[in-house]
Protein chains: 2
Amino acid sequence: MSRAAKTSTPILSVLAQRWSPRSFDPTKSLTLADLTPSFEAARWAPSANNAQEWRFLVGFRGDATFEAMTEHLSGWNASWAPNAGAIVVGMFEDDPENKARDYAPYDLGQAVAHFSVQAHADGLFVHQAAGFERDAMAAAFSVPESWKPFVVAVVGHLGAPELLNETLLARETAPRVRRPLDETVFTEPFPSV
Amino acid sequence: MSRAAKTSTPILSVLAQRWSPRSFDPTKSLTLADLTPSFEAARWAPSANNAQEWRFLVGFRGDATFEAMTEHLSGWNASWAPNAGAIVVGMFEDDPENKARDYAPYDLGQAVAHFSVQAHADGLFVHQAAGFERDAMAAAFSVPESWKPFVVAVVGHLGAPELLNETLLARETAPRVRRPLDETVFTEPFPSV
């Protein structure tokens, strides 16, 4: 079954094909070398004043970092993410006193987007999740107070949907939907949204 | 002169080649059709709970929207951006009462990243800028109070660097730099950053 986006106009294949599965192959492993191109893509993402206010902590299934990360995932994420080859925790520096840092979460989003696009080009899949205990994750890895673990990017090889329970299987196979472009892009003063 | 990123390992060409110029060709125009693939790429970006909390206002050089946008650019941006074919103002819904909206700026970052990658694949260049008067921009386009104009993405065809004044020319041609990966990606508890 193809999960490619039903785009209204052709776009880059890697962008149309990318999607966020919950089913990862538990028999396949990853190493830092496998993810280096993805991190390199993130590295070259643009950022406000080229501040690059992002850091990544990565664990690989089988190592202590990965194990500790899985303990702080919430809800459903704790059931499917441990099958993946790697978990990346994306962080930004959160400094309310520093106005320039206003763009730190935005720029982290750009960096993880570049990461995900490169990963997909390399035959991997990424599912980003917000469902994890931020404070516990920060404590587990001695993250300084000013840094905020903000996103968990679960990375791996695609697994069979049947690995999922019924509820997750339904989500995994549901049609992919997005709001139409004409409700998103405007050329004149703002309509009601 | 190539501005391609000096990556430490090969990555997708479109990601390595993408950069953010200030020199845009004032003789070339853009239409909404030219940017539709880029907006479509943004449309299919991932977001927390698939909330897609982004909206885009776009003006094209020569129209009233573009003209009004250029009036609210700050500093240097006001000197180079008007040569571009289009300006896109990216917005997210800012609702401090709604915890789920926490990811709105992050997700806007992802959407604009996808936009920029597609634009580059289509032979266009994007320079994102934070330097604009947010409140004035919001007022000019009747943006509801809960929505926040957050980024200006200047889009167009690459122009000759000589279009820029001396200060901007120096920036335009300076080597592209990023922090090394080993100061960005960690596999163990957080080092000093």
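Thresholds, definitions, all that
Residues numbered from 1 in each chain as written. Chains lettered and ligands numbered in written order. Predicted model: local features only at pLDDT ≥ 70, side-chain atom pairs only at ≥ 80, totals over all residues. Helix = DSSP H or I, 4+ residues; strand = E, 2+ residues; numbered from the N terminus. Rg over C-alpha atoms; globule rule 2.2 N^0.38 Å. Buried ≥ 20, exposed ≤ 12 C-beta atoms within 10 Å, placed from the backbone. Contact = placed C-beta atoms within 7 Å. Pairing = 2+ DSSP bridges. Least-squares fit on C-alpha atoms with pLDDT ≥ 70 in both. pLDDT = per-residue confidence, 0-100.

Points about the overall build of chain A
- When its secondary structure is counted, chain A shows seven helices and five strands.
- For chain A, the N- to C-terminal ordering of α and β elements is α-α-β-α-α-β-α-β-α-β-α-β.
- Relative to the globule expectation of 16 Å for 193 residues, the C-alpha radius of gyration of chain A, 18 Å, shows essentially globular dimensions.
- For the C-alpha atoms alone, the extent of chain A along its principal axes is close to 55 × 50 × 30 Å.
- Relative to its full complement of 193 residues, chain A shows a buried share of 48%.
- Considering only intrachain contacts with a sequence separation of at least 6, the fraction spanning at least 24 residues in chain A is 80%.

Description of the interface of chain B and chain A
- The partner chain A presents 59 residues to the 59 residues of chain B that form the contact.
- In terms of residue count, helix α5 (residues 104–121) of chain B provides more of the side of chain B that touches chain A than any other element does, 12 residues in total.
- When strand β1 (residues 54–60) of chain A meets strand β5 (residues 185–186) of chain B, the two strands line up parallel, connected through two bridges. Paired with Phe56(A) across the two strands is Val185(B), which belongs to β5(B).

Thoughts on the pairing of strand β2 (residues 86–93) of chain B
Residue and element names in this part refer to chain B.
- In terms of residue burial, β2 counts as a mostly covered element, since seven of its eight residues are buried.
- For strand β1 (residues 54–60) and β2, the ladder comprises seven bridges, and the chain directions are antiparallel. Bridging across to β2, Leu57 finds its partner in Val89.

Considering the relation of the copies chain B and chain A
- After a rotation of 180° and a shift along the axis of 0.0 Å, chain B superposes on chain A with an RMSD of 0.0 Å. Here the transformation between the copies is reduced to the relation of a two-fold axis.
- When the interface residues of chain B are mapped onto chain A, 100% of them again lie at the interface, so the same face is used by both copies.

What about the sheet that holds strand β5 (residues 185–186) of chain A?
- Taken in spatial order, the five strands line up as β5(A)-β1(B)-β2(B)-β4(B)-β3(B) in an open sheet, and their pairing is mixed. Only two strands of the sheet have a single partner each, and these edge strands are β5 of chain A together with β3 (125–129) of chain B.

Considering the sheet that holds β1(A)
- Here five strands make up an open sheet; going across it, the order is β3(A)-β4(A)-β2(A)-β1(A)-β5(B) and the pairing mixed. Looking at the sheet topology across the chains shown, the edges are occupied by β3 (125–129) of chain A together with β5 of chain B.

Considerations on the confidence of the model for chain A
- A residue-level look at chain A finds 96% of positions with pLDDT of 70 or above and a mean pLDDT of 94.
- In the predicted complex, the global pTM is 0.96; the interface-specific ipTM is 0.96.

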